[in-house]
Amino acid sequence: MIEFADGFAVAQQELKRLWEKAFGDEQTFIETFFETAYAPECCRVAIQDGKLAGMLFWFDCSLASEKIAYIYGVATDPTVQGQGVATELMKNVHSLLQNSGYSGAILVPGSENLFRFYEKRGYAVVGRVSEGVAQASESVRIERVDADTYGQLREKMLPPNAVHQQGRNMAFLDRLADCYCGDGFAAAISKEEPKSCMEYLGDVSKISGLAGALGCGSLPYRQPGQGRAFAMGMGFHGVSFPQDIYFGLAFD
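Residues numbered from 1 in each chain as written. Predicted model: local features only at pLDDT ≥ 70, side-chain atom pairs only at ≥ 80, totals over all residues. Heavy atoms only, no water.

Just give me the short version of the pairing of strand S4 (residues 66–76), but keep the residues and values in it.
Of all 11 residues making up S4, nine are buried, and the element is well covered by its neighbours. Pairing between strand S3 (residues 51–63) and S4: nine bridges, direction antiparallel. Paired with Met55 across the bridge in S4 is Ala75. Hairpin remark: S3 followed by S4, antiparallel, with two residues in the connecting loop; positive phi at Ala64, about 50 degrees. For S4 and strand S5 (residues 104–107), the ladder comprises three bridges, and the chain directions are parallel. By the bridge assignment, Ala69 is partnered in S5 with Ala105. Once you follow S4 into helix H3 (residues 85–99) and on to S5, the crossover reads as right-handed. (Buried < 20%, exposed > 50% of the residue type's maximum accessible area, 1.4 Å probe, protein only. Helix = DSSP H or I, 4+ residues; strand = E, 2+ residues; numbered from the N terminus. Pairing = 2+ DSSP bridges. Right-handed = clockwise from strand over helix to strand, strands pointing away.)

Next comes the structure, spelled out in structure tokens:
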């Protein structure tokens, strides 16, 4: 029998151990999440036979003034994979979110097979992104800004039907990325080497100049567009997600 609870029911250390077992991330990344983005009330856990069997987290976001949840870090203990833990956990959290006033949920599958997994559980592809690799050219002028400032800038630069992210989203981003702005663009650049652009908004002609300003020979980037399938969504209470939303600031 599986029981469900919020994050208050489980010690953080247990959650961290499951994260490492499920995803293999380095301790620095795991600690960063729990220091900046973790909220026990936005965590759901599955307990089986008295042990932590699964977990997931979510960030509050909005789409067209509707409150939605960005579901993140869905994990099952490897010893119980294939037993339906994740499926039951998703059902439980969907019910919880609906009863808590959310109009839907969005997530970013980490692999092709996970697109199929979530499709079987009611999700559909609702957002795509364009990706590429910019080769460095003559530098453009850039200014380093903090994540809160970047968040304010991106609000003005987001395309229509974009998911809006603030609060803990920006606090987590501040530890994961260095944020820059320039003449007609803004970008979040991963702190990890080799650098990549987690999100580029604005004048696409400046991407190569940004790579030059950062001292990168080349710079992988992600921006709004109709390329790779990226985000999947599920609406609640009869809400339907548009099929062309932009959700590109994912913490993958």
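Picking up where we left off.
Explain helix H1 (residues 12–23) residue by residue, including any values.
Helix length check: H1 (12 residues) gives 16 Å between terminal C-alpha atoms against 16 Å at 1.5 Å per residue, within 8%. Buried residues of H1: Leu15, Lys16, Leu18 and Trp19, and no others. Projected down its long axis, H1 carries its buried residues within an arc of 165 degrees, all on one side. Positive backbone phi, approximately 70 degrees, marks Gly24, located one or two places after H1. (Expected span 1.5 Å × (residues − 1). Arc of directions from axis to C-beta.)

Explain the packing of helix H2 (residues 27–36) against helix H6 (residues 168–176) to me, using residue names and the numbers behind them.
Two elements in contact, H2 and H6, have axes separated by 9 Å at closest approach and are oriented at 150 degrees. When the axes of H2 and H6 are compared, the crossing they make is right-handed. In this structure, H2 contributes Phe29, Thr32, Phe33, Glu35 and Thr36 to the contact, and H6 contributes Arg168, Ala171, Phe172, Arg175 and Leu176. Partitioned by chemical class, the residues of the contact of H2 with H6 number five nonpolar, two polar and three charged. (Axes fitted to C-alpha atoms, helices over the stretch in contact; angles between N-to-C directions. Left-handed = near helix turned anticlockwise from the far one by under 90°. Contact = heavy atoms within 4.5 Å. Nonpolar A, V, L, I, M, F, W, Y, C, P; charged D, E, K, R; others polar.)

Can you explain the pattern of salt bridges? Please cite residues and give values.
As enumerated under the stated definition, the model contains 12 salt bridges in all. Two residues, Lys195 and Glu193, come together in a salt bridge whose shortest N-O distance is 3.5 Å. Overlapping salt bridges bring together Arg144, Asp178 and Lys191 as one network. (Salt bridge = Lys/Arg side-chain N within 4 Å of Asp/Glu carboxyl O.)

Can you break down the packing of aromatic side chains residue by residue, with the values?
Summed over all chains, the structure comprises 28 aromatic pairs. Between Tyr70 and Phe247, the ring centres sit 4.8 Å apart and the planes meet at 70 degrees, which makes this aromatic pair edge-to-face. One end of the pair, Tyr70, is in strand S4; the other, Phe247, is in the segment after strand S13 (228–235), with 177 residues separating them in the sequence. The pair Tyr70 / Phe247 is uniform in exposure class, with both members buried. It is Lys67 that lies over the ring of Tyr102; its NZ or CZ is 4.4 Å from the centre. Lying over the aromatic face of Phe117, Arg121 brings its terminal NZ or CZ to 3.7 Å of the ring centre. (Phe/Tyr/Trp six-rings, centres within 6.5 Å; stacked < 30°, edge-to-face > 60°. Lys NZ or Arg CZ within 6 Å of the ring centre and 35° of its normal.)

Can you explain the environment of Lys16? Please cite residues and give values.
Following the sequence through the fold, Lys16 ends up in helix H1. Separated by 66 residues in sequence, Lys16 and Gly82 place their C-alpha atoms 21 Å apart. Filtering out sequence-adjacent residues up to four positions away, Lys16 remains in contact with Ile30, Glu31 and Phe34.

Explain the side chain of Thr76 to me, and be specific about the residues and the numbers.
Here Thr76 is to be found in strand S4. What makes Thr76 buried here is its relative accessible area of 11%.

Residue-level account of the state of the cysteines, with values.
Under the counting rule described, the total for this entry stands at zero disulfides. Its sulfur unpaired, Cys179 is 9.7 Å from the next cysteine sulfur, which belongs to Cys197. You can call Cys179 buried: its relative accessible area is 1%. Here Cys216 stays unpaired: no disulfide links it, and the sulfur of Cys197, its closest cysteine neighbor, is 10.0 Å away. (Disulfide = S-S within 2.5 Å.)

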